[in-house]
Amino acid sequence: MTDTAVDNRPVPLPPGTEAPEFRLPSTPDQTVSLGEFRGRPVILAFYPEDWSPVCSDQLALYQELLPEFQKFNAELLGISVDGIWSHLAFAKDRNLHFPLLADFEPKGDVSRTYQVYRGTEGTSERALYVIDADGIVRWSYVSPVGINPGADGILRALEGLEEGG
């Protein structure tokens, strides 16, 4: 017996792939590009929607773990198709202190590039990427949309980078 929801999850960009460059708004008058972080690891946390219970829990966990990520000199970037104003209100309400980037217009463009856009729903998958200092994907994972993937995979991938893997 198979679970078709799991079997039909998209396949994210695999390890060894050069991470596609992007520039997305983080505030009404500021943008963030992946290239700005060259020389240090980057965690991309694609998530379906601001305000949903699972997204709220997932991003709150990452906020708690920011000091752990920073031990690896890693930058965390949250990405969803929600607009900037939603991100700003959500970050303030949830006390998030890392950039939430709006993959809003053209809707889902970066999510599509990273192969994690949910076309039927018009949202992003719940997907994680760890990108090394040279801009290469070193770990990627797509979680079932209703399940918080936690941070163990991220931390293992960051440890692997530190060990040269």
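Residues numbered from 1 in each chain as written. Predicted model: local features only at pLDDT ≥ 70, side-chain atom pairs only at ≥ 80, totals over all residues. Heavy atoms only, no water.

Asks: How would you sum up the nonpolar core? Please name residues and give values.
Replies: By size, the foremost hydrophobic cluster in this structure holds 25 residues, and its most contacted members are L59, Y62, F69, L76, L100, I154 and L158. Secondary structure elements with two or more residues in this core: β3 (42-46), α2 (53-71), α3 (84-94), β8 (126-131) and α5 (152-162). In terms of residues, this core owes the most to one element, α2, which gives six residues. Residues in contact with I154, not counting those within four places in the same chain, are I43, Y62, F69, L128, V130 and W139. Counting residues in each nonpolar core, the second largest holds 21 residues, with L24, V42, L44 and I79 among its members. (Core = buried A, V, L, I, M, F, W, Y, C linked by side-chain atoms within 4.5 Å. Buried < 20%, exposed > 50% of the residue type's maximum accessible area, 1.4 Å probe, protein only. Helix = DSSP H or I, 4+ residues; strand = E, 2+ residues; numbered from the N terminus. Contact = heavy atoms within 4.5 Å.)

Asks: Can you break down α5 residue by residue, with the values?
Replies: Buried within α5 we find G153, I154, L155, A157, L158, G160 and L161. Considering only its buried residues, α5 is in contact with β3, α2, β8 and β9 (137-143). Positive backbone phi, approximately 85°, marks G164, located one or two places after α5.

Asks: Which residues make up the pairing of strand β4 (residues 75-80), and what are the values?
Replies: Counting buried positions over the six residues of β4 gives six, a clear majority of the element. Here β4 shows two buried faces, one formed by E75, L77 and I79 and the other by L76, G78 and S80. Each parallel crossover has a hand, and for β3 linked through α2 to β4 it is right-handed. Relative to strand β5 (residues 100-102), β4 runs parallel, the two being bridged by three bridges. Paired with S80 across the bridge in β5 is A102. Handedness of the β-α-β unit built from β4, α3 and β5 comes out right-handed. (Right-handed = clockwise from strand over helix to strand, strands pointing away. Pairing = 2+ DSSP bridges.)

Asks: Please set out the environment of S26 residue by residue, giving values where relevant.
Replies: Here S26 lies in strand β1 (residues 23-27). The buried category is assigned to S26, whose relative accessible area is 13%. Non-local contacts of S26, meaning those with residues more than four positions away in its chain, are made with T31, V32, I84, L88, L100 and L101.

Asks: Could you give an account of the side chain of D50, with specific residues and numbers?
Replies: Along the polypeptide, D50 turns up in the loop between β3 and α2. No salt bridge is formed by the buried D50; its nearest oppositely charged neighbour, R94, is found at 9.1 Å. There is a polar contact of 2.8 Å between the side chain of D50 and the side chain of H87. If we ignore the near neighbours within four places in the chain, the residues touching D50 are S80, D82, S86, H87 and F90. (Lys, Arg positive; Asp, Glu negative; His and termini not counted. Salt bridge = Lys/Arg side-chain N within 4 Å of Asp/Glu carboxyl O. Polar contact = N/O pair within 3.5 Å; in protein donor to acceptor, adjacent residues only side chain to side chain.)

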